[in-house]
Amino acid sequence: MPDVTTGVAPNSHIAQYQARGLKGRILSGVQPSGDLHLGNYLGAIRNFARLQNDYECLYCVVDLHAITVWQDPAQLAPKTREIASAFLAAGVDGDKHVIFNQSMVPEHAELAWIFNCVARMGWMSRMTQFKEKAGKDRENVSLGLFAYPALMAADILIYKATHVPVGEDQKQHLELTRDIAIKFNNDFAVPDFFPVTEPLIFGAATRVMSLRDGTKKMSKSDPSDFSRINLTDDADAIAQKIRRAKTDPHPMPDTAADAEKRPDADNLLGIYAALADIEKDAAIAQFAGKQFSEFKSALTDLAVAKLGPVGAEMQRLMKDPGHVDGVLRNGAERARALAAPILAETYKIVGFLKP
């Protein structure tokens, strides 16, 4: 289990989990953008499986978030199944924990509307991701893209999740979730109704960069398939991509300071360390002064051993869409059973007249 840094969630929300020998309830989601790669695996999906022994986990394919930008309707369902397959292939237990897609649980959208009325325009306008995605064309992006963080808050709080695993790019959105929870609780004089959700920050988190340029993040949008290792790549493809990964003419770095000056070497060492579950300093010491060819051979063996079974299982699951759809339907039913009473109580607090 990786080192995790976290604050203390409010006792009234976490005590029920502690009584069951757990640390809390987790909600996390991945957009069905397709073409999952090594960065997605090391940054999020691998950790999902590692958290499930200590937390009650809900893992969501966030297809409502996906349509904040245009999606090909013919591809959205297959991409949703791909993400669910990745959760299962990485080791998430779909019987013990909940795997579902967001659009099957309408309580997410219903609570999001209430949060749209709680959140302030100024809060939303400061969201860095909106500024980055909208760019200079802010007048032509969807309202959904602007309101995206309120839906993310609803994703979390509709289950009163006590913890959320976050990367650097989602910290601001979690802070907004906390602000919305506090404002709702204060506005309606219901202290501690929604938890002030805590972040889970992995001490061993790895920022995976392009295999063709160690200064750029690994991305599915890169035109070169050799810039990334896809989760569905077979052993031959993984080996070929590592062999062709960009390096420099010098031997392997001797120190962390030397590695930081050489982004391509630093990236490959970080990948090796993450796959081996060791600190990067240990990987540097292991290969200090050796030739890149020797290091790449070791990295290839490790990557094939770690990623090969995941990719093979993903491929198997994606050929059985009926099974994956069944997992998602079952997960959605269980998710709704958790979400419905929380939404009903929220409606009562707001003052809605319900039958």
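Above this text sits the structure in question.
Residues numbered from 1 in each chain as written. Predicted model: local features only at pLDDT ≥ 70, side-chain atom pairs only at ≥ 80, totals over all residues. Heavy atoms only, no water.

S.K.: Where do I start with the pairing of strand S3 (residues 56-61) in this structure?
M.R.: Consecutive side chains of a regular strand alternate in pointing toward one face of the sheet and then the other. Of all six residues making up S3, six are buried, and the element is well covered by its neighbours. A two-sided burial pattern is seen for S3, the buried positions comprising Glu56, Leu58 and Cys60 on one face and Cys57, Tyr59 and Val61 on the other. Pairing of strand S2 (residues 25-30) with S3 involves six bridges; the strand directions are parallel. Along S3, the bridge assignment pairs Leu27 with Leu58. What joins S2 to S3 is helix H2 (residues 38-51), and the crossover it makes is right-handed. Bridge analysis of S3 against strand S4 (residues 98-101) gives four bridges, and the strand direction is parallel. For Leu58, the partnering residue across the bridge sits in S4 and is Val98. (Buried < 20%, exposed > 50% of the residue type's maximum accessible area, 1.4 Å probe, protein only. Helix = DSSP H or I, 4+ residues; strand = E, 2+ residues; numbered from the N terminus. Pairing = 2+ DSSP bridges. Right-handed = clockwise from strand over helix to strand, strands pointing away.)

S.K.: Looking at this model, I keep getting lost on the side chain of Lys296. Mind explaining?
M.R.: Its location among the elements puts Lys296 in helix H14 (residues 292-318). Buried and without a salt bridge, Lys296 has Asp264 as its closest oppositely charged side chain, separated by 9.5 Å. With near-sequence residues (within four places) excluded, Lys296 lies in contact with Ile242, Arg243, Arg244, Ala245, Thr247 and Leu268. (Lys, Arg positive; Asp, Glu negative; His and termini not counted. Salt bridge = Lys/Arg side-chain N within 4 Å of Asp/Glu carboxyl O. Contact = heavy atoms within 4.5 Å.)

S.K.: Mind showing me how you'd approach the side chain of His163 here?
M.R.: Within the element layout of this structure, His163 appears in strand S5 (residues 163-165). By relative accessible area, which is 3% here, His163 ends up buried.

S.K.: Just checking my understanding: could you explain the packing of helix H4 (residues 73-89) against helix H15 (residues 321-350) for this structure?
M.R.: Describing two packed helices takes the angle between their axes plus the distance from one axis to the other. Viewed as axis vectors pointing N to C, H4 and H15 meet at an angle of 80 degrees, and their least axial separation amounts to 10 Å. The angle between the axes of H4 and H15 places the two elements in the roughly perpendicular class. In this structure, H4 uses Thr80, Arg81, Ala84, Ser85 and Leu88 to contact H15, whose residues at the interface are Pro321, Val324, Asp325, Val327 and Leu328. In terms of residue class, the contact of H4 with H15 is made up of six nonpolar, two polar and two charged. (Axes fitted to C-alpha atoms, helices over the stretch in contact; angles between N-to-C directions. Parallel < 35°, antiparallel > 145°, perpendicular 65-115°, else oblique. Nonpolar A, V, L, I, M, F, W, Y, C, P; charged D, E, K, R; others polar.)

S.K.: Even after reading the chapter, I still don't get the pattern of salt bridges, so can you show me in this structure?
M.R.: It is possible for side chains bearing opposite charge to pair when their charged atoms get close. Following the criterion strictly, the structure yields 16 salt bridges and no others. In this structure, Asp277 and Arg46 form a salt bridge, with 3.7 Å as the shortest nitrogen-oxygen distance. Separated by 231 residues along the polypeptide, Asp277 in the loop between helix H12 (263-276) and helix H13 (280-287) and Arg46 in helix H2 bring together distant segments of the chain. Judged by relative accessible area, Asp277 falls into the partly exposed class, the value being 44%. With its nearest N and O atoms 2.8 Å apart, the salt bridge here joins Arg316 to Glu313. With Arg316 and Glu313 both in helix H14, this residue pair falls three residues apart, about one helical turn. On the basis of relative accessibility, which here comes to 27%, the residue Glu313 falls in the partly exposed class.

S.K.: Sorry if this is basic, but what is going on with the nonpolar core here?
M.R.: Soluble globular proteins tend to pack their nonpolar side chains together in the buried interior. Membership of the largest hydrophobic core comes to 57 residues, with the highest contact counts inside it found for Leu38, Phe87, Leu275, Phe295 and Leu307. The element that contributes the greatest number of residues to this core is H14, accounting for nine residues. Each residue touching Phe87, except ones within four places of it in the same chain, is listed here: Val30, Ile45, Phe48, Tyr59, Cys60, Val61, Val92 and Ile99. Core analysis: the next-biggest nonpolar cluster, separate from the first, contains 46 residues, Leu111, Phe146, Ile180 and Phe193 among them. (Core = buried A, V, L, I, M, F, W, Y, C linked by side-chain atoms within 4.5 Å.)

S.K.: What am I meant to see in the environment of Asn267 here?
M.R.: Looking at the element boundaries, Asn267 is found in helix H12. For Asn267, the residues in contact, after removing those within four places along its chain, are Arg207, Val208, Met209, Ser210 and Leu211.

S.K.: It is not clear to me how H15 should be interpreted in this structure. Could you clarify?
M.R.: An α-helix turns once per 3.6 residues; consequently, residues spaced three or four apart project the same way. Its 30 residues give H15 an end-to-end C-alpha distance of 40 Å, which sits within 8% of 44 Å, the value for a rise of 1.5 Å per residue. At Ala339, H15 shows its largest kink, close to 30 degrees, and the proline Pro341 lies no more than four residues downstream. Those residues of H15 that fall on the buried side of the exposure criterion are Val324, Val327, Leu328, Gly331, Ala332, Ala335, Ala339, Ile342, Leu343, Thr346, Tyr347 and Ile349. Count one or two residues on from H15 and you reach Gly351, which has phi positive near 105 degrees. (Expected span 1.5 Å × (residues − 1). Bend = angle between axes of the 7 residues up to and from the residue.)

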